[in-house]
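Structural characterization, general
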Amino acid sequence: MDDFERAIRVIFTQDPSIGAAANAYCDGIKARPDGWRICWDRFSQTDALEVKFWCAQVILQAMGSMAPEARLELRTKVLGWLGEVVPNTQQEVVVKNKVALIYVGLARLDYPASWATAWQDLMGLMDKGLPLVDFFLRVLAIFDQEVISDEVQRSQEDRQRSHQIKHAMRERDVVALVECWYRILTTLRTSAPQMVSDCLRVASLYIVWIEILTVANDKFLSAVCSIIAEASASASEACECLAAIISKKMPAGKKMMMLSELRVCARLEACVQKGGTSQQLLKEAEMLNSIAEAVLEAYVDLRVQDAQSASAAQVAWDSISALMPLIFWFFVHQEHQIAVCLEPFLTEFFVKVKSFVKGAERQEMETAPCHSVSLEQVRPILMQTLQLIIQRTAYPAWFQHHDPNIEDDEQHALFIRFRKSLAKIYKRIFLVDEQLGLQFVQASTAQLTQNLAGVQPMEVDAVLYLFKETGEIVKQLDQHLQAKGPLASAFVQLVECEALVNADHWAVQLALMEVYVRYGRLLALHPDLFPRYGQRVLQAFVSRGIRSSNAHVVSRACFMFGRFMKLVKAQAAPLVAQIQEALQDLLVVQYVPSALVPVQAEVSLTKVAIKGSLKADDQAYLFEALANLATASKPEELRPKLEMLLKGPAQNLTEILGNRAPGNDVAGCAGWAGRNIEAIATVSKPFTVQHASTAPAWEEVLVVVARILEKFVNQMSREIGLWRAALFLCRRMVEVLGDRFLEILDTYLPFLYATNDQADLAELTVFAHQLVCQYQQKTGPYLQKWLPQIFLRPFVVWQQLPEQSEQLKREKLELSSALLQLLKEAALRCPGAILEPMLGNTRHGQEIIGFLLVGLQDARELKPLQYAANAWAALLAAMSAESAAAITAFPMAQLLQRLLWSVVRMDYSDFQSQKVLNEASSILHSVMNRTQPQVHLQQTKETFQQALVSALPGLRSEAAPRRLCEVLSQDCSVKDVRTALQQCALDWRRECG
């Protein structure tokens, strides 16, 4: 081992003590003009893998700068090494790859001009044994990746060079290359199956750009198809190769002529192994899908060409028809992964097939196509597809329905997507032939009800699922049901089948509930059907759904029960008492000890359920459904039915007030109270101010709730849930009682504002904003009374909130935005309630002034800036209308400085900036009101000018500021002020920003 080889080995060991010297020595070799020659000589002499690798890498790096004579010398050495060394020695894969890269590099530089025989030389070596056959295929694969493939990003120069090489290869070498492939496929099938696989992979790469007839001929196709037929180890690659040949881009007419002459459909029928392994069938299915897509694409292209293309279009359609039996065989395969492979073609076919049918093209095309098919020709395909869709839609036995992580599992996610695609195909068939689709629905539901005992639950689910989907396809379903069309008959037939309606399987019940809701409108359109079928559905909801032993079925049933009730509201209203009695035990709001809530629980005590009782959300669905029915009652029956629904929760609250609640668990009792209040609020959801007769009943229960809040004023924490329940009820009572609730709310606010939680106070402030929006000027007297509380409480908490992280900053911003929005709305609706404390020098008035100024100071936060500017604009406008002189009571210097500073620096690409600009212009217009005393006006002008100068530091041009001052002094419109102010901002941003 000499110094050169030793240095290379040191580089690979990465020894820091001698690595620098070794690198320097090797770099010296690289830098020599004959360095590549030294490296090749060492490469061909040494047995050390790392030395071979390093030397080959140096040669690769040097090739781009080598003279043509040097490349010729290197080429000769490489060919000599291949012919003399490779047949007799075993080379490592990494070495073979490096030499192949050198060969490819030389060909890229010199073929065809300086090395016209590059491919002939390579092919001539193949007779020397399998190692050279392997090298031949290796070079072709690397050549595609390094030089030819369009999937690799290349420079314009490299793309041009690639086109030149491909053109030369088509002219000179492709025929010979294909002949070599053929020899490999036919002679090495048994002795070297891996090389046959490699050869097929290489052929698939080159088929994209070589002349198609070199491979699309009887000789080559027979070789490929025989490999598929034998189900050999190379069958998968043969499938890919055959698909590549058929899918090659070419004129549609030429493609169909080729497919016809080569009898491709017959070849496929003969070579596909229906008894093969799952892996082989999977590859065959992928191949079949690719071929079918190619034929479909050709037909779509040909049928819109001139009349001369009609015969080729007919060939394409005949080919599609011939492929369908094979497609359906794979599509119905028991392993859904195989069936999934055909979904892309079927989806594309049924997207396009409507336009193929005679008559449909008149609506979709300007000129008549040269080829169309009749509906009778298409119907067999449609019907067979419909029949197979039911089989394929059924969930497979391995599907884990109750696993919450199934969407993360690739196999489950694939089937879910497949099922959705099948539903889309199903809908497409209806668009082609709705009559056939409806006949199929009727037949499938009839067969289901007549042979239910022999149908598996998941197959029942599939039929019901597609029946439900049909209701989404048919246009104007209500009219269809009104006319008692086929879907109405099918629905009645399903509900008449007692064995089906009373089936125990959870999947069947879930599917039935979807059907009940989709078609339940029929029972409202035909009230005569409700006594028999409507009550049967209600009974099924209760006995098989809501009282099911499957928790998922229970939750879904409670939700869907409410949706069904809305459909048959008028018909089911007389039954509200009976329904409530049937559900009475499930409507009991249970006491839950606080000990059942984990210390770090993310849910409140109101959401915890005792085993055997309904979840809080499920119970809420039932309360809301019954309340919906009650609102459909006669006016004189409305209040008694409401009181019937409120009775249970109200009695529980009364027990709590009377200290008759179980145990001494204060937190548990507070949580129980919260659950009862939530139930009351849920019952109120369907009620509005239009149900005036119910107001006394609501007022009675609100008195009880107020006493509950007083009792548990110290139990308002988030984990208890009482506070949130009370706010929920208040929100609802705004809608239910209207103006009457304002007086009652006066007793609730002290308890609601007993919280220190930032999120709760933000939500409460949003509620206060809702009140101002709802009651507007009527809120004025109450707002004056409440303002110290509804502003100061969240304001004090806001002041104390930390800002050490982005999350904390966001929380603080949310609370400030809610407060500013409230002040903005109050200033617009009832400004007197805000102005009185602001001008009266009260604590909360001064804090409001300071807070509104803070809202103006950050130009990056446009929402708070907009709210603050809007509030100031409304307040100043209200003051100008009453007493312009009073404006001076505000800190004008701070107001104008912060406003102008932020307006100049805010993001004008955000649409909210235009709203801020409008409000700022309105503020300036108000503060420069000429009706105020001259002394005050002069002071305001000076203050404004100082603020403007401060906001525009470094601005050289005075034109825009001067124009703004002129506009304000002339008492121009707000629009003129806005234009001048925006120009100031634009000038400063252009010069200094």
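All values derive from a computational prediction rather than experimental measurement. (Residues numbered from 1 in each chain as written. Predicted model: local features only at pLDDT ≥ 70, side-chain atom pairs only at ≥ 80, totals over all residues. Heavy atoms only, no water.)

1. Details of the overall build of the protein chain
Scanning the protein chain from N- to C-terminus turns up 50 helices and zero strands. By the compact-globule yardstick of 30 Å for 993 residues, the protein chain is too spread out, its C-alpha radius of gyration being 41 Å. Within the protein chain, buried positions represent 53% of all 993 residues. Partitioning the contacts of the protein chain with sequence separation of at least 6, the portion at a separation of at least 24 is 74%. By element, 50% of the accessible surface of the protein chain is carried by carbon and sulfur atoms, the whole surface being about 44,100 Å². (Helix = DSSP H or I, 4+ residues; strand = E, 2+ residues; numbered from the N terminus. Rg over C-alpha atoms; globule rule 2.2 N^0.38 Å. Buried < 20%, exposed > 50% of the residue type's maximum accessible area, 1.4 Å probe, protein only. Contact = heavy atoms within 4.5 Å. Areas by Shrake-Rupley, 256 points an atom, 1.4 Å probe, with all protein chains shown as cover.)

2. Topic: the nonpolar core
Formed by 368 residues in total, the largest nonpolar core has its most connected members in F136, W181, F349 and W698. Per element, the largest residue contribution to this core is 13 residues, and it comes from helix α45 (residues 862–882). If near-sequence neighbours (up to four positions away) are discounted, F136 is found in contact with L122, M123, M126, L177, C180, W181 and I184. (Core = buried A, V, L, I, M, F, W, Y, C linked by side-chain atoms within 4.5 Å.)

3. A closer look at helix α10 (residues 174–187)
Over its 14 residues, α10 runs 20 Å from end to end, which matches the ideal 20 Å to within 8%, given 1.5 Å per residue. For α10, the set of buried residues is V174, L177, V178, C180, W181, I184 and L185. In a view along the axis of α10, the buried residues occupy a sector of 155 degrees, so they form one face of it. Turned more than 90 degrees off the buried face of α10, the exposed positions are V175 and T187. (Expected span 1.5 Å × (residues − 1). Arc of directions from axis to C-beta.)

4. Concerning the UniProt feature "domain: Exportin-1/Importin-beta-like" (unreviewed entry) in the protein chain
As recorded in UniProt, the sites labelled "domain: Exportin-1/Importin-beta-like" (unreviewed entry) are residues 94–242. Note that residues 94–242 is 74% helix and 0% strand, and that its end C-alpha atoms are spaced 31 Å apart. (UniProt positions renumbered as here; feature names shortened; annotations may be inferred.)

5. Topic: the packing of aromatic side chains
Under the criterion given, the structure shown has 43 aromatic pairs. Pairing Y299 with W317 gives two aromatic rings, centres 5.6 Å apart and planes at 50 degrees, and the pair type is tilted. Linking Y299 in helix α16 (residues 278–302) with W317 in helix α17 (residues 310–331), this pair joins segments that are 18 residues apart in sequence. Taking the relative accessible area as the measure of exposure, W317 reaches 2% and is therefore buried. Measuring from centroid to centroid gives 5.6 Å for F541 and F564, while their planes differ by 40 degrees, and the two rings are tilted. Linking F541 in helix α30 (residues 530–546) with F564 in helix α31 (residues 551–567), this pair joins segments that are 23 residues apart in sequence. On the basis of relative accessibility, which here comes to 0%, the residue F564 falls in the buried class. In textbook terms, an aromatic cluster arises when at least three aromatic residues are bridged by ring pairs, as seen for Y299, W317, F345, F349, F350 and F356. Note that R419 overlies the ring of Y465, its terminal NZ or CZ placed 4.2 Å from the centroid. Over the ring of W988 we find R905; its NZ or CZ atom is 4.3 Å from the centre of that ring. (Phe/Tyr/Trp six-rings, centres within 6.5 Å; stacked < 30°, edge-to-face > 60°. Lys NZ or Arg CZ within 6 Å of the ring centre and 35° of its normal.)

6. Focus: the pattern of salt bridges
Close approach of charged atoms allows side chains of opposite charge to pair. Counted under the stated rule, the structure contains 48 salt bridges. K249 is paired through a salt bridge with E297; the nearest N and O atoms lie 3.6 Å apart. Taken together, the residues K249 in the loop between α13 (235–247) and α14 (252–261) and E297 in helix α16 connect sequence positions 48 residues apart. Among the residues examined, K249 registers a relative accessible area of 66% and is labelled exposed. The salt bridge partner of E958 is R962, with a shortest N-O separation of 3.3 Å. For R962, a relative accessible area of 45% translates into the label partly exposed. Connected via shared salt-bridge partners are K427, K468, E469, E472 and R518. (Salt bridge = Lys/Arg side-chain N within 4 Å of Asp/Glu carboxyl O.)

7. Concerning a negative patch on the surface
Judged by side-chain charge, D403, E407, D408, D409 and E410 come together as a negatively charged surface patch. Positionally, D409 belongs in the loop between α21 (375–393) and α22 (410–432). (Patch = residues over 30% accessible without salt bridge, like charges linked within 9 Å, V, L, I, M, F, W, Y side chains within 5 Å. Lys, Arg positive; Asp, Glu negative; His and termini not counted. Charge placed at Lys NZ, Arg CZ, Asp CG, Glu CD.)

8. Focus on the packing of helix α40 (residues 758–775) against helix α41 (residues 780–800)
Geometry of a packed helix pair, given as the angle between the helix axes and the separation of the axes. Their axes nearest at 10 Å, the elements α40 and α41 cross at an angle of 150 degrees. In terms of orientation, α40 lies roughly antiparallel with respect to α41. Crossing of α40 over α41 shows left-handed handedness. Listed contacts from α41 to Q758, L761, T765, A768 and L771 of α40 are W786, I790, R793, P794 and V797. Grouping the amino acids of the contact of α40 with α41 by side-chain chemistry returns seven nonpolar, two polar and one charged. (Axes fitted to C-alpha atoms, helices over the stretch in contact; angles between N-to-C directions. Parallel < 35°, antiparallel > 145°, perpendicular 65-115°, else oblique. Left-handed = near helix turned anticlockwise from the far one by under 90°. Nonpolar A, V, L, I, M, F, W, Y, C, P; charged D, E, K, R; others polar.)

9. Some remarks on the environment of T13
With respect to the element layout, T13 can be found in helix α1 (residues 3–13). Among the polar contacts listed, one links the side chain of T13 to the backbone oxygen of V10, at a separation of 2.7 Å. (Polar contact = N/O pair within 3.5 Å; in protein donor to acceptor, adjacent residues only side chain to side chain.)

10. A word on helix α46 (residues 892–905)
Here α46 is 14 residues long and its end C-alpha atoms lie 20 Å apart, about the 20 Å a rise of 1.5 Å per residue gives. Those residues of α46 that fall on the buried side of the exposure criterion are M892, L895, L896, L899, L900, S902, V903 and V904.

11. Here's the deal with the environment of V373
Note that V373 resides in the loop between α20 (361–364) and α21. Among the residues examined, V373 registers a relative accessible area of 0% and is labelled buried. Each C-alpha atom of the pair V373 and V357 lies 5.0 Å from the other, and the pair is 16 residues apart in sequence. Setting aside anything within four residues of it in sequence, one finds V373 in contact with Y299, W317, F356, V357, K358 and V378.

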